[in-house]
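Below, each chain spelled out in residue letters.
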Amino acid sequence: MKNIWHFYKGTLVLISKGSTAYYCWVLFLLILMAIGGFAYSRQLNEGLIVTNMRDQVSWGFYISNFTFLVGVAAAAVLLVIPAYVYHWKPIKEIAVLGELLAVSAIVMCLMFVTVDIGRPDRFWHLIPKVGLLNFPQSLLAWDVVVLNTYLMINLTVAVFILYNRYYKREPNKAFTTPLLLLSIPSAISIHTVTAFLYNGLGARPFWNSSILVPRFLASAFCSGPAFMILIFFLVRKYTKFKIEDEAIQKVAEIIAYAIFINLLLLGAELFKEYYTDTIHLASFQYLFQGLHGYSALVPWIWTAMIFNVTAFILFLNPATRRNNVTLVMGCILVFIGVYIEKGMGLVIPGFIPDVLHEIYEYAPSGIELLLSMGIWATGLFVFTMLLRVAIPIMNGDFHVADDGVGSFIGDQLFLVQQPDTVNPESEPVA
Amino acid sequence: MSDIKKCDGYVLHKSRRRMLKGLAAGIGLIALPGRDASALVWEEFFQKHFRELSKDELKGVIARLEKDYSKQYGKQVTVKTTPPIEGVRYGYGLDLSRCIGCRRCVYACVKENNQSRTPQIQWIRVLQLNKEKGIDLSEAEHYYNPATVPEKGHFYMPVQCQQCEKPPCTKVCPVQATWKENDGIVVVDYNWCIGCRYCMAACPYGARHFNWAKPSVPSNEINPNTHYLGNRPRPKGVVEKCTFCIQRTREQPGRYPACEEICPVGARKFGNLLDPESEIRYLIENKRVFIFKEELNTQPKFYYFYAT
Amino acid sequence: MKIMRIARPRLILLCMMSVLILPVGLVSAAKVKEFDRSGQLIVTEKSAADLQVQPAYDIKNRPKEKIFAVPRPPFSEGAFPCSQCHKYMKPNGTRRTLTEYHTEIVLHHAEGQRWCTDCHNLLNRDKLRLVSGELVDFEESYRLCGQCHGDKFRDWKVGVHGKRTGYWNGDKQYLLCVHCHNPHDPKFKALKPLPPPDRPGKAGH
């Protein structure tokens, strides 16, 4: 118990130290979070009327972001499988980064859901036994359960490993391995359940398609790992953490498969809708062509299509996949592409046209944008803090001091541009 | 800080759910207007689900609400909790061959059920459809406004809650804040709803409406005769819907719903589906009847029919 | 299987108990497990509201309705009783164009086959006249209309044609045919619709 307290105190000291770049970055995030907080206080005061959601389009930008981020969170499993099921060493060293990303993404997910509900003060109605969670009837109840389970598993495993490393112990495998294995099905379950949440509504033909779950999984395995690769590059460049090219290439390969499956499934969906040409086509028409003169999402979805296809070519071609510049480009493209397609592109056409075929064209309001930005900043803040602690621990720069009480901090700066990776042995100027 | 502590202590003493109290109070402080956190606010905050209230607790809740509403609207507002009548399952009939789309029902409903004027909430939506196309929703006009109705070549289809026998909305609610009563009416506990709007996504009829802002009803227009599960004033951030005028129809004798009463062409019919002599049974057995979006198997108890 | 065997009698017992409890009107809340008709398992304390005594709807002994209670027919002002003028006039059953009185009435109701005294009794002007020769009051005019419009009359009697107000499970008030249809020109008149709903996204909504 005492050890935990010392560890906790040590991390607090650690996160307060860093380079100017680190301080600037954290300050920047804090400002965005404050703006988001201000936007939320306005929304709490006046109600969700400050958003552009209305009865016709009753979910909007918040839920779109939520849906996308569930995918990002689920993708951490892609690092866990090769690392812990196949014991592939290069990835095993970085798997903990994936878990921390999952934790940050789930935090954002929970925040997006919280800001979307009309009565956040009644959140306790969702707590089983205390409130009245409608389990197993409601898929939203399932989502509450699996999201929190997934958060707990990842947080426990990551903290447990880091905590043991801090005390220079080998983490107890008997504890971590079952949890890590459990995290694989639960990663799949958070995405499956989130897809079911839409999928199970007969009222919304755009979502009521059995291909939706595999589409969700495929797109998650594009966006999540793409974000991971970007993080790997940043971490490699600005911290002392070493990440092998081999590991990055492995993840890139997985993305190539995932983009292919994602495009294939989307194509299958489009064929079915356009060829049968039933009344249910309306939502797809709205998304891809515009309907009755309303076409706000059309440029976005085509941007997403172009990005996804370009990224697919970049990932498929070994030359561009192995080139770090084109690889980073591909990651950015597929991340944005999936963000559009699996965010607004998935949620909004479910409501347009609405169940009585009214068309209310939705675009997020200023408050929605600011608040969402604040939540993204919070997520990145959480992720930065987690990395600030995790990376020095993994590097052996942050561990218990020789007296067994205080902590040794070897990495005072954290965010510093590293010398060329070609020469990884050279010591950074500290 | 000291009076916050006092409130906290009060609640702890009052309620059974001790475990939760500290945590919820902490979060609640952030979410609620903190300064004037009176005992009433806390009582409301910790109010149990309607169906879990004991008789004494229910009495307390009703007294609190009546006092609150009466003060707010400057006249005596009563809140009933009349239970379902045994042996009754409500059914509604709407004669599409008669409806002329005059929207009298829309506004009678707004008035009877204390729907917000701004932002505007209306539980009934009347669609203008094309006679040549039939019930093709993609041809539906929601905002028609000619000098007189009916317009040539058109017919009208009012849509409101269909009181499904298998409601998709109650199934998806994560906190059981909405459910189907034994007389078939789908109701919402406005004090339990968390405002996630999943039910709105699930409803195939657009029958559920959200209080995007604090609802406003002028004091002189408030209908003071209310039911807990029906037309009592709603708070901000919860979902509401048609309840077949539960505050009227559960009485014995019970008045017809407001929309039925106002309809100038007598297109609206209402009665007990379990009574073979009722007008609703007669029209189901003798007229051409259809239910809206039958393929979704929601089994509405709202029957559109053609008397001629 | 084992669980099922144990659970089922308990559930039945619970249901039986709740049935027993209901008529007594026990005041405190009771734990009840039930499936609602949408298949949702509800585990609740039976709410106090549900335990309030509410007499059941009895199909066999439902209160006898006063048949066809109608408001006063929509006479033109001062026109009824008709005899107040007609008693000074000589009854004239000849089909002709009226030039002195009732000139505002333009018959648009099978006017080819019909004239005033087919429906209005010639000798006692305060009564209507059926084809059979039976005289009926204006309050019973539905019998007159029902001679031709039998299908509507049938629907009207059960409350399916026309408007009926009052109590769905008690006394009802009917409207006469002539409350909605001018007997001389029965087509329902067009109405001005009330305003359309606000479009979403506009200011104030």
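Anyway, here's the lowdown on the structure attached to this text.

Cut-offs and rules
- Every chain is numbered on its own, with residues counted from 1 as its sequence reads.
- Naming scheme: in the order in which they are written, chains are lettered from A and ligands are numbered from 1.
- In keeping with the model being predicted, local features are shown solely for residues with a pLDDT of at least 70 and side-chain atom pairs are shown and tallied solely at 80 or more, while totals for entire chains, interfaces and linings include all residues.
- Labels follow the DSSP assignment, with helices taken as runs of H or I lasting at least four residues and strands as runs of E lasting at least two, numbered in each case from the N terminus.
- Buried, partly exposed and exposed are defined by the number of other C-beta atoms within 10 Å of a residue's own C-beta, namely 20 or more, between the two limits, and 12 or fewer respectively, with C-beta atoms placed from the backbone.
- A residue pair is marked as a contact if its C-beta atoms, positioned from the backbone, fall within 7 Å.
- Think of it as three bins: nonpolar holds Ala, Val, Leu, Ile, Met, Phe, Trp, Tyr, Cys and Pro, charged holds Asp, Glu, Lys and Arg, and polar takes everything else, Gly as well.
- Paired strands are those between which DSSP finds at least two bridges.
- For every element, the axis is a line fit to its C-alpha atoms; helices are fit only across the contacting stretch, and the angle between N-to-C directions ranges from 0 to 180 degrees.
- Should an angle fall under 35 degrees it is taken as roughly parallel, and over 145 as roughly antiparallel, whereas 65 to 115 is taken as roughly perpendicular and any remaining angle as oblique.
- It is the rotation of the near helix from the far one that decides the hand of a crossing: anticlockwise by less than a right angle makes it left-handed, clockwise makes it right-handed.
- When buried Ala, Val, Leu, Ile, Met, Phe, Trp, Tyr and Cys residues are joined through C-beta atoms within 7 Å, the set is termed a nonpolar core.
- Domain ranges listed in this record stem from an automatic or a database domain assignment.

**A short note on the overall build of chain C**
Okay, step 1: For chain C, the helix and strand inventory stands at six helices and six strands.
Okay, step 2: Along chain C, helices (α) and strands (β) appear in the sequence α-β-β-α-α-β-β-α-α-β-β-α when read from the amino end.
Okay, step 3: The buried share of chain C, taken over its 205 residues, is 14%.
Okay, step 4: Contacts in chain C between residues far apart in sequence, at least 24 positions, make up 46% of those at least 6 positions apart.

**With respect to the interface of chain B and chain A**
Okay, step 1: Listed by partner, the interface residues are 48 residues for chain B and 41 residues for chain A.
Okay, step 2: Those elements that provide at least two residues to the side of chain B that touches chain A are α2 (18-31), β3 (125-130), α6 (168-172), α7 (198-202) and β7 (209-210) of chain B.
Okay, step 3: Its residues assigned to classes, the side of chain B that touches chain A shows 33 nonpolar, nine polar and six charged.

**Section: the interface of chain B and chain C**
Frequently, the measure chosen for interface size is the accessible area that the parts lose on association.
Okay, step 1: Across the contact, 60 residues belong to chain B and 45 residues belong to chain C.
Okay, step 2: If you list the elements that add at least two residues to the side of chain B that touches chain C, you get α4 (55-73), α5 (104-112), α6, β5 (178-180), β10 (268-272) and α10 (279-286) of chain B.
Okay, step 3: Tallying contributions element by element places β10 of chain B first for the side of chain B that touches chain C, with four residues.
Okay, step 4: Tallied by class, the residues present in the side of chain B that touches chain C amount to 27 nonpolar, 18 polar and 15 charged.

**What to know about the sheet that holds strand β2 (residues 90-95) of chain B**
Residue and element names in this part refer to chain B.
Okay, step 1: Spatially, four strands are ordered β10-β2-β12-β11 in an open sheet, and the strand pairing comes out mixed. Each end of this open sheet is capped by a strand with a single partner; those strands are β10 and β11 (288-290). Within this sheet the neighbouring strands show an average axis-to-axis angle of 30 degrees, counted without direction.
Okay, step 2: Where β2 and β10 come together, five bridges link them in antiparallel fashion. If you follow Tyr-90 over to β10, its bridge partner there is Asn-272.

**Concerning the packing of helix α2 (residues 20-46) of chain A against helix α16 (residues 366-395) of chain A**
Residue and element names in this part refer to chain A.
Okay, step 1: α16 packs onto α2 with a crossing angle of 140 degrees between their chain directions and a minimal axis gap of 7 Å. By the angle between their directions, the pair α2 and α16 is classed as oblique. Relative to α16, the crossing made by α2 is left-handed. Seen from α2, the contacting residues are Trp-25, Val-26, Leu-29, Leu-32, Met-33, Ile-35, Gly-36, Gly-37, Ala-39, Tyr-40, Arg-42 and Gln-43; seen from α16, they are Ile-367, Leu-370, Leu-371, Met-373, Gly-374, Ile-375, Ala-377, Thr-378, Leu-380, Phe-381 and Thr-384.
Okay, step 2: A per-class count over the contact of α2 with α16 returns 16 nonpolar, six polar and one charged.

**Some details on the environment of Gly-374 of chain A**
All names here are of chain A.
Okay, step 1: Looking at the element boundaries, Gly-374 is found in helix α16.
Okay, step 2: A residue is classified by how many C-beta atoms lie within 10 Å of it, and Gly-374, with 23 of them, is buried.
Okay, step 3: Sequence separation of Gly-374 and Ala-39 is 335 residues, and the distance between their C-alpha atoms is 8.6 Å.
Okay, step 4: The contacts of Gly-374, once residues within four sequence positions are left out, are Leu-32, Met-33, Ile-35, Gly-36, Gly-37 and Ala-39.

**A word on the packing of helix α3 (residues 61-74) of chain A against helix α8 (residues 173-199) of chain A**
All names here are of chain A.
Okay, step 1: Relative to each other, α3 and α8 sit at 160 degrees, their axes nearing to 8 Å. It follows from the interaxial angle that α3 and α8 lie roughly antiparallel. In the crossing of α3 with α8, the sense of the turn from one axis to the other is left-handed. Touching Thr-67, Val-70, Gly-71, Ala-73 and Ala-74 of α3 are Ala-187, Ile-188, Ile-190, His-191 and Thr-194, all from α8.
Okay, step 2: Partitioning the contact of α3 with α8 into residue classes produces six nonpolar, four polar and no charged.

**Details of the environment of Lys-90 of chain C**
Okay, step 1: Secondary-structure assignment places Lys-90 of chain C in the loop between α3 (83-86) and β3 (128-129).
Okay, step 2: Placed 33 residues apart in sequence, Lys-90 of chain C and Leu-123 of chain C show a C-alpha to C-alpha distance of 9.3 Å.

**Notes on the nonpolar core**
Okay, step 1: The biggest cluster of nonpolar side chains holds 222 residues, and the ones touching the most others in it are Ala-73, Cys-109, Ile-255 and Val-334 of chain A.
Okay, step 2: Two domains each put at least three residues into this core: domain 1 (2-80) and domain 2 (81-308) of chain B.
Okay, step 3: Core analysis: the second largest hydrophobic core is formed by eight residues, Phe-138, Trp-156, Leu-176 and Cys-177 of chain C among them.

**Some points on the environment of Ile-190 of chain A**
Okay, step 1: Examined against the element boundaries, Ile-190 of chain A turns out to sit in helix α8.
Okay, step 2: Along the primary structure Ile-190 of chain A and Ile-393 of chain A are separated by 203 residues, whereas in three dimensions their C-alpha atoms are 29 Å apart.

No statement about biological role is implied by the geometric values presented.
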